[in-house]
Amino acid sequence: ILARKGYGEIPDPQWAAEESLEPARKGAVLAHTVGEVLEIPGESARREAICEVFFRELWRLVDAQPAFSALYVGGIDAPEASALREKLYLLEPGIIAHGLRGVRSPESLDLREKLAEREPRYVARSLSGMSEDPRAIALRWKLVDTVPEEIALAIRGSETDHAWELRDAIGKTAAREVLISLRGIDTDRAWQLREKRAKKKYYPALLESLGGIDTERAWRWRDELSEEYLPWVLMSLRGLTSERAWELREEHIRRAPKIVIRTIGRSSDPRAWRLREEAKHYAKEVLDSLSGLDSSEAWKLRLELKEKWPNTAVSSLGAGAQSERAWKFRWEMMRAHPDNFLLVKHLYKAAQRFLAEEESDDEDDDDLT
């Protein structure tokens, strides 16, 4: 499956060596460390301590399990993460490059440039969301002939001149991915490209490009293709709020719960809550759809599903949730699962947000004085 998606085999992966895997010892040390953090008095001090524990564990495992450290630093944009990546990128270039998605620092762009030839697919994918950055633009052009499919996916939803120049350059070599890159774009130029590529082999990609578009023009394609390409029709409902979209979701929630729930986002529409109730035992995407929601309905689902999917229940708070209730829930989940390092990462991200906001408030106070 991965090969068909364009991912090559990883030669001599570091994690393959049996002697490098020590889950029992690693877990025992982590449980002890987390226990110490949970006993620290003072909320601010405890949050600072969980940040220290997170990176201390990653540095401790750099030599014995570099893939573990590389995996868990993924997506984190902080000076400590940059230092760790610099240590690991030659040992685990693929995992480090993949983990740069969502990271925007100058140091991360330095790493992308170093890894561009060695891991072009992962570097290209990591350039999404950086439409106007000059260095990102230069990297896309550098990689466009090597991995055109990944470059097309990296400009998904972008309407900049640069994005259209890339589509024109790779339209024939990566037609499917170029279609997907039009997701949510409802302009004449986008529709001309869709209709130009409206062939059976591209129908799934065309439907994917309709995500977020709730016009009659888009619904004609959904209606025409719903019988043969239903999963992609359902995927195209992402972000839609019309009655037709809700009716289609409700009709197929039992047949395709994961797909349907992914399309509702963080909606607080009563129909969204009914769909979540319908799918809650089958799809952890129900918890994903609660990200940042602080309503009683959202908390009811978190508490009900926290044992089934503990990591997702905590991540559903969103790093920005800094209420006393949110932190009480995080610490309680950490007490219940002290060996779970992914939970530590979720707590780290929330604590990092808290400390950054606290530092910003201090700077504002200095300005006033």
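## What to know about the overall build of the protein
A count of helical and extended segments in the protein gives 23 helices and 0 strands. Relative to its 369 residues, the protein shows a buried fraction of 50%. Of the contacts made within the protein by residues no fewer than 6 positions apart, 58% connect residues no fewer than 24 positions apart. If you sum the accessible surface of the protein, you get close to 18700 Å²; carbon and sulfur atoms cover 49% of it.

## So, the pattern of salt bridges
Side chains that differ in sign of charge can pair as their charged atoms come close. Under the definition given, this model contains 24 salt bridges. In this structure, Arg-46 and Glu-43 form a salt bridge, with 4.0 Å as the shortest nitrogen-oxygen distance. Here Arg-46 and its partner Glu-43 are both found in helix α2 (residues 43-60), 3 residues apart, which amounts to about one turn of the helix. For Glu-43, the salt bridge is made with Arg-47, and the minimal N-O distance between the two is 2.9 Å. A residue pair is termed a helical-turn pair when its members lie 3 or 4 positions apart in one helix, as Glu-43 and Arg-47 do in helix α2 at 4 residues. Salt bridges sharing partners connect three or more residues here, namely Glu-277, Lys-280, Lys-300 and Glu-304.

## Some thoughts on the nonpolar core
Core analysis: the largest hydrophobic core is formed by 114 residues, its most contacted members being Phe-54, Phe-55, Leu-58, Ile-96, Leu-234, Phe-341 and Val-344. When near neighbours in sequence (up to four residues on either side) are disregarded, Leu-58 contacts Phe-68, Ser-69, Tyr-72, Val-73, Leu-84 and Phe-341.

## A short note on a positive patch on the surface
On the surface, Arg-101, Arg-156, Arg-183 and Arg-238 cluster together into a positively charged patch. Within the secondary structure, Arg-156 is located in the loop between α9 (148-154) and α10 (161-170).

## Digging into the packing of helix α16 (residues 243-252) against helix α18 (residues 270-279)
In contact at an axis separation of 11 Å, α16 and α18 are set at 15 degrees when each is read in the N-to-C sense. In terms of their interaxial angle, α16 and α18 are classed as roughly parallel. As for the relative orientation of α16 and α18, their crossing is left-handed in sense. Residues Glu-243, Trp-246, Arg-249 and Glu-250 of α16 pack against Arg-271, Ala-272, Arg-274 and Leu-275 of α18.

## With respect to the environment of Met-130
Residue placement: Met-130 occurs in the loop between α7 (120-125) and α8 (134-143). Distance in space between the C-alpha atoms of Met-130 and Arg-104 is 7.8 Å, their sequence separation being 26 residues.

## What about helix α4 (residues 79-88)?
Of the positions making up α4, those classed as buried are Ala-81, Ser-82, Leu-84, Arg-85 and Leu-88. Projected down its long axis, α4 carries its buried residues within an arc of 165 degrees, all on one side. Those residues of α4 that are buried are in contact with α2, α3 (66-72), α5 (93-98) and α6 (106-115).

## Some words on helix α22 (residues 324-336)
If you check α22, its first and last C-alpha atoms are 18 Å apart, about what 13 residues at 1.5 Å a residue would give, namely 18 Å. Inspection of α22 places Ala-326, Trp-327, Phe-329, Arg-330, Trp-331, Met-333 and Met-334 among the buried residues, and these make up the whole buried set.

## What to know about the side chain of Asn-311
Among the secondary structure elements, Asn-311 is positioned in helix α21 (residues 310-315). Those residues within four positions of Asn-311 in sequence are excluded, and the remaining contacts are Asn-340, Leu-342, Leu-343 and His-346.

## Here we look at the packing of α8 against α10
Viewed as axis vectors pointing N to C, α8 and α10 meet at an angle of 0 degrees, and their least axial separation amounts to 12 Å. Judged by the angle between their axes, α8 and α10 are roughly parallel. For the pair formed by α8 and α10, the contact residues are Ile-137, Arg-140 and Trp-141 on the first element and His-162, Glu-165, Leu-166 and Ala-169 on the second. Among the residues making up the contact of α8 with α10, the classes are represented as 4 nonpolar, 1 polar and 2 charged.

## Remarks on the packing of aromatic side chains
Aromatic rings considered in pairs are described by the distance between their centres and by the relative angle of their planes. By the definition in use, this model includes 12 aromatic pairs. Judged by centre distance (4.8 Å) and plane angle (15 degrees), the rings of Phe-54 and Tyr-348 are stacked. Here Phe-54, found in helix α2, pairs with Tyr-348, found in helix α23 (residues 341-368); they are 294 residues apart in sequence, far enough to count as distant. For the residue pair Phe-54 and Tyr-348, the accessibility class agrees, reading buried in each case.

## Notes on the side chain of Lys-280
Along the chain, Lys-280 turns up in the loop between α18 and α19 (285-288). Within the local environment of Lys-280, its side chain forms a polar contact with the side chain of Glu-277, the two groups lying 2.7 Å apart. Non-local contacts of Lys-280, meaning those with residues more than four positions away in its chain, are made with Val-286, Lys-300, Leu-301, Glu-304, Leu-305 and Trp-309.

## Here's the deal with the confidence of the model for the protein
Here the protein averages 91 in pLDDT, and 89% of its residues register 70 or above. Scored below 50 in pLDDT, residues 17-26 makes 12 contacts in the model with residues more than four places away or belonging to other chains.

## Describing the environment of Ala-298
Mapped onto the fold, Ala-298 is located in helix α20 (residues 296-305). Looking at Ala-298, the relative accessible area reads 0%, which means it is buried. Here the alpha-carbon distance between Ala-298 and Trp-273, two residues 25 residues apart in the chain, equals 8.8 Å. Ignoring any residue separated from it by four or fewer positions in sequence, one finds Ala-298 in contact with Trp-273, Leu-290 and Leu-293.

## With respect to the environment of Val-286
Relative to the helices and strands, Val-286 is located in helix α19. When the C-alpha positions of Val-286 and Arg-302 are compared, they lie 9.4 Å apart, and in sequence the two are 16 residues distant. Not counting the four nearest positions on each side in its chain, Val-286 is found in contact with Ile-261, Arg-276, Ala-279, Lys-280, Leu-301 and Leu-305.

Calculation notes
Residues numbered from 1 in each chain as written. Predicted model: local features only at pLDDT ≥ 70, side-chain atom pairs only at ≥ 80, totals over all residues. Heavy atoms only, no water. Helix = DSSP H or I, 4+ residues; strand = E, 2+ residues; numbered from the N terminus. Buried < 20%, exposed > 50% of the residue type's maximum accessible area, 1.4 Å probe, protein only. Contact = heavy atoms within 4.5 Å. Areas by Shrake-Rupley, 256 points an atom, 1.4 Å probe, with all protein chains shown as cover. Salt bridge = Lys/Arg side-chain N within 4 Å of Asp/Glu carboxyl O. Core = buried A, V, L, I, M, F, W, Y, C linked by side-chain atoms within 4.5 Å. Patch = residues over 30% accessible without salt bridge, like charges linked within 9 Å, V, L, I, M, F, W, Y side chains within 5 Å. Lys, Arg positive; Asp, Glu negative; His and termini not counted. Charge placed at Lys NZ, Arg CZ, Asp CG, Glu CD. Axes fitted to C-alpha atoms, helices over the stretch in contact; angles between N-to-C directions. Parallel < 35°, antiparallel > 145°, perpendicular 65-115°, else oblique. Left-handed = near helix turned anticlockwise from the far one by under 90°. Arc of directions from axis to C-beta. Expected span 1.5 Å × (residues − 1). Nonpolar A, V, L, I, M, F, W, Y, C, P; charged D, E, K, R; others polar. Phe/Tyr/Trp six-rings, centres within 6.5 Å; stacked < 30°, edge-to-face > 60°. Polar contact = N/O pair within 3.5 Å; in protein donor to acceptor, adjacent residues only side chain to side chain. pLDDT = per-residue confidence, 0-100.

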